[in-house]
Amino acid sequence: MNIQSVGVVGAGQMGNGIAHVMSLAGYDVMLSDVSADALTKAIEIMTGNMDRQVSREKITASERDSALARITTTQTLSELGQCDLIIESATERETVKQAIFEDLLPHLKPETILTSNTSSISITRLASRTDRPEKFMGFHFMNPVPVMQLVELIRGIATDEQTFNACKQVVDRLNKTAASAEDFPAFIVNRILMPMINEAVYTLYEGVGNVKSIDDSMKLGANHPMGPLELADFIGLDTCLAIMNVLHDGLADTKYRPCPLLTKYVEAGWLGRKTQRGFYDYRGDVPVPTR
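Okay, so let's go over this structure. (Residues numbered from 1 in each chain as written. Predicted model: local features only at pLDDT ≥ 70, side-chain atom pairs only at ≥ 80, totals over all residues. Heavy atoms only, no water.)

### A word on the overall build of the protein
What counts, and what does not: In DSSP terms, a helix is any run of H or I states spanning at least four residues, a strand is any run of E spanning at least two, and both are numbered starting from the N terminus. We compute the radius of gyration from the C-alpha atoms alone; for a globule the expected value is 2.2 Å times N to the 0.38, where N is the number of residues. Each residue is placed in one exposure class: buried if its accessible area under a 1.4 Å probe, protein chains only, is under 20% of its type's maximum, exposed if it is over 50%, and partly exposed if it falls in between. Contacts: residue pairs with any heavy atoms within 4.5 Å of one another.
Helix and strand content of the protein: eleven helices and ten strands. Over its C-alpha trace the protein gives a radius of gyration of 19 Å, about what one expects of a compact globule, namely 19 Å for 291 residues. Once the C-alpha set of the protein is aligned to its principal axes, its extents read approximately 55 × 45 × 30 Å. In the protein, which comprises 291 residues, the share counted as buried stands at 48%. Pairs at least 24 residues apart make up 66% of the contacts formed inside the protein by residues separated by at least 6 positions.

### Digging into the pattern of salt bridges
What counts is decided by this rule: One side-chain nitrogen of Lys or Arg within 4 Å of one carboxyl oxygen of Asp or Glu is enough to make a salt bridge.
Per the counting criterion, the structure on display carries 15 salt bridges. Across the salt bridge formed by Lys212 and Asp216, the nearest N and O atoms sit 2.6 Å from each other. Residue Lys212 and its partner Asp216 are located together in helix 8 (residues 211-221), separated by four residues, close to a single helical turn. Bridged by salt links that share partners, the residues Asp51, Arg64 and Asp65 form one connected network.

### Some remarks on the layout of surface pockets
Definition in use: A cavity here means a set of 1 Å grid points, computed over protein atoms only, where a 1.4 Å probe fits but cannot escape. A pocket is an open set with protein on both sides within 12 Å along at least 5 of 7 lines, and lining residues have an atom within 4 Å of a point. Grid points are joined across faces, edges and corners, and a volume is the space filled by probe spheres set on the points.
Estimated volume of the second largest pocket: approximately 270 Å³. Surrounding the second largest pocket, 14 residues form its lining, Val21, Leu24, Pro146, Leu174 and Asn175 being those nearest its centre.

### Observations concerning the packing of aromatic side chains
Rule in force here: Pairing of aromatic side chains here covers Phe, Tyr and the six-membered ring of Trp, requires ring centres within 6.5 Å, and sorts the geometry by plane angle: under 30 degrees stacked, over 60 edge-to-face, intermediate tilted. Note on geometry: a ring has a charge over it if NZ (lysine) or CZ (arginine) is within 6 Å of the ring centre and within 35 degrees of the ring normal.
Tallying each qualifying case throughout the model produces six aromatic pairs. Between Phe139 and Phe141 the ring centres are 5.1 Å apart and the planes differ by 10°, which places this aromatic pair in the stacked class. In terms of burial, Phe139 and Phe141 fall into one category: buried. Summarising the aromatic geometry, the rings of Tyr265 and Trp270 are spaced 5.6 Å apart at their centres and angled 85° between planes, so their arrangement reads as edge-to-face. Since its relative accessible area comes to 26%, Trp270 is described here as partly exposed. A network of ring pairs unites the aromatic residues Tyr265, Trp270 and Phe279 as a single cluster. Between the NZ or CZ atom of Arg155 and the centre of the ring of Phe164, over which it lies, the distance is 3.7 Å. Geometry around Tyr27 places Arg173 over its ring, the cationic atom sitting 3.9 Å from the centre.

### As for the nonpolar core
Test applied: Side-chain atoms within 4.5 Å are what join buried Ala, Val, Leu, Ile, Met, Phe, Trp, Tyr and Cys residues into a set we call a nonpolar core.
Met22, Leu85, Phe139 and Phe141 are the most contacted members of the largest nonpolar core, which has 32 residues in total. When sequence neighbours within four positions are dropped, the list of residues in contact with Phe141 reads Met14, Ile18, Val21, Met22, Ile87, Asn117, Leu150, Val151, Leu174 and Lys176. Listed in part, the 26 residues of the second largest apolar core include Val201, Leu229, Leu231 and Tyr282.

### Side note on helix 8
Filter applied, for reference: Arc definition: directions from the helix axis to the C-beta atoms. Throughout this description, a polar contact denotes any pair of N or O atoms lying within 3.5 Å of each other; where both atoms belong to protein, one of them has to be capable of donating a hydrogen while the other can accept it, and for residues adjacent in sequence the pair is counted only when both atoms sit in side chains.
What helix 8 keeps buried is the set Val211, Ile214 and Asp215. What you see down the axis of helix 8 is that its buried residues fit within an arc of 90°, all on one side. Opposite the buried face of helix 8, by more than 90 degrees, sit the exposed residues Lys212, Leu220 and Gly221. In the core, the buried residues of helix 8 are packed alongside helix 7 (189-205), helix 9 (228-235), strand 9 (280-281) and strand 10 (288-289). Where helix 8 begins, one side-chain oxygen reaches toward the backbone nitrogen of Lys212, 3.3 Å away; that side chain belongs to Asn210. One or two positions beyond helix 8, positive phi appears at Asn223, with a value near 60°.

Following this line, the structure appears as C-alpha cells:
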C-alpha cells in the first residue's frame with residue numbers, strides 16, 4: 001500500500017511528536033484531539049521544535065515551512081476517515097483507545113491501516129474490537145519522538161504481512177530503526193525498562209537511598225544518561241504505573257507488582273514534569289528532589 005496521508009489521534013507529547021516527524025518526512029498529516037487548546041499548543045510545540053532544528057542546521061527553513069504546511073488539525077474524528085494510515089496516540093487506557101477505534105470505524109476507507117502507539121496494551125485485543133484485525137498493529141514510538149531512533153512494530157495475531165511491510169516502509173522513510181516485537185505485555189523496551197524504574201522506586205520506598213543518590217548512582221555507576229526516577233518523571237508516573245499494572249495483570253508474576261510509593265504519587269496527582277511535581281519538584285528554577 002502506498003501511504004501518503006497519516007492521521008494522528010491525540011495531540012499530547014507523543015501525538016505532536018509523531019505529527020512532527022511524519023510531516024518532515026513528506027506525509028500529509030491530520031492531527032486530531034477533543035481539545036482545541038491541545039491542538040493549538042501542539043502546533044506551537046512543533047513550530048518551536050522545528051525552529052530549533054533549523055537553528056542547529058538539522059533541517060532548512062524551507063523544510064520547516066513545508067512540513068508545517070502539511071499539518072492540519074481537527075476536533076472531529078470522522079475527518080480522519082480518508083487517511084491511509086491512522087496512529088492512535090491517546091492516553092494509556094484501553095477503554096479510551098477502544099472507544100476511539102469504535103468511533104473511527106464507520107468513516108474509514110477499506111484499505112486504511114489502523115495502528116496504536118500503546119506502550120503496553122495487547123494489540124490483538126485492541127484489533128479484535130475493529131473490523132480489520134489483519135490491518136491493525138502496534139506502532140510504538142519512543143519519547144521524545146523527533147530525537148529517539150527506535151520504533152517498535154508489534155503484530156497482533158491477525159496482522160498480515162502487507163500491513164507490517166507498509167508500516168516498516170514508513171519507519172524507513174522517517175530514517176528511524178524498526179524493531180519487530182511480539183504481542184506480549186509491554187513488548188520489548190518497556191518490558192525491560194519499567195521494572196527497572198519500579199525497582200528504583202522500591203529502593204526509594206525502602207530507604208536504601210534518596211532520590212538524588214539513586215539517580216546519581218545509575219548515571220555515574222551504570223552510565224545512564226538519566227537517572228531512573230528522573231526518567232519516570234519525564235515519562236509520566238501515571239504512564240509508568242499503567243504499564244506496571246499491565247505487566248502485573250498480563251504476566252501474573254509478583255515481580256511486576258507496582259511499588260506502593262509509585263501508586264501514592266499518582267494518587268496525589270504528582271505525575272512528574274507534566275504536573276510540575278513527581279520525584280522532583282519542577283516549580284523552581286532547578287528541579288528539587290521531593291524525598
